[in-house]
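# Observations on chain architecture
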Amino acid sequence: MAQYAVTADDADFYLSFAAELADSVRPIVLSYFRMPLDVAVKSDASPVTIADRAVELRLRERIEARFPEHGIIGEEIGAKPGGAFTWIVDPIDGTRSFISGFPLFGTLIAYQQQPFCGLIDVPFTGERWVAKPGVARFGDGLARTSACESIADARFYTTSPDMFRKGEMGPFERLSRAARMRRFGGDCYIYGLLASGHCDIVLETGLQPYDYMALVPIVQGAGGCITDWEGCPLSIHSEGRVLATATPRLHAEALTLIQG
């Protein structure tokens, strides 16, 4: 897909629309939360509910009504080809959290394949991170990562140790055990915590573009680093292994440990 130059005014315009999208689906998400729901299992063994589908349908309807020529990549309904621009959405990032009553799930919205803007919305808490190139915000203020530069001083997070497959447990154990402390759970929320300086390293695997593309501008805009496990930039073609850190020096040290 061709990439076009985007001005600062364009970024603000599309990020404002992303916020409108998130506002429009918050009530839908919350209307299903902690309610009895049938849970289906998709071909990749991940769960899905009527809430996931209802939220994505609303997102796609609003995008198509406003920008019928734009492409859309979503978790539940797939890809709609577009012209130069593509929206990447995850209606409920953290469906396992959602169906078990844990409130730190979120809606993710990114714009462009190499996203110049991204949004994490956490419906239950009302928290939101947004970013355009070089600037990430949390609520009404700027989001900034911590100044941590050593794994020995770092606070490590991952959503679940269960996500690491055979051959990936070694990197996970080396990195998490070297950190000052390690915590589990949170899905997209932990990347917001990293962007706001409350944790220092996130390591995950098995993610899809709709899981991580919105996170890229947020982590980078807050001063952090986010790549694959080889240190390469993330794109829709990445294999889903994600490392996010608070500082470049911490990132370099983490990559060394991951790669053994």
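Residues numbered from 1 in each chain as written. Predicted model: local features only at pLDDT ≥ 70, side-chain atom pairs only at ≥ 80, totals over all residues. Heavy atoms only, no water.

Our next topic: the pairing of strand β15 (residues 242-245). Because side chains alternate across β15, one face comprises the buried residues Val242 and Ala244, and the other comprises Leu243 and Thr245, equally buried. One ladder, built from 4 bridges, connects strand β13 (residues 201-204) with β15; its direction is antiparallel. In the strand pairing of β15, Leu203 is matched with Leu243. Across 3 bridges, the pairing between strand β14 (residues 225-227) and β15 is antiparallel. By the bridge assignment, Ile226 is partnered in β15 with Ala244. (Buried < 20%, exposed > 50% of the residue type's maximum accessible area, 1.4 Å probe, protein only. Helix = DSSP H or I, 4+ residues; strand = E, 2+ residues; numbered from the N terminus. Pairing = 2+ DSSP bridges.)

Quick look at the environment of Val48 now. The topology assignment puts Val48 in strand β2 (residues 47-48). For Val48, a relative accessible area of 1% translates into the label buried. The spacing of Val48 and Leu37 is 11 residues in sequence and 9.9 Å in space, taken between C-alpha atoms. Discounting residues that sit within four places of it in the chain, Val48 has contacts with Asp38, Val39, Ala40, Lys42, Arg53, Glu76 and Thr95. (Contact = heavy atoms within 4.5 Å.)

So, on to the pairing of strand β8 (residues 127-132). Bridge count between strand β7 (residues 117-122) and β8: 5 bridges; the pairing is antiparallel. Residue pairing across strands places Gly118 opposite Ala131, the latter belonging to β8. Sheet topology places β8 next to strand β9 (residues 135-138); 4 bridges connect them, and they run antiparallel. Pairing of Trp129 across the sheet is with Phe138, part of β9. If you look at the hairpin formed by β8 and β9, you'll find 2 residues sitting between the two strands, and Gly134 has a positive phi there, around 80°.

Don't take any of this as a statement about function, it's just geometry.
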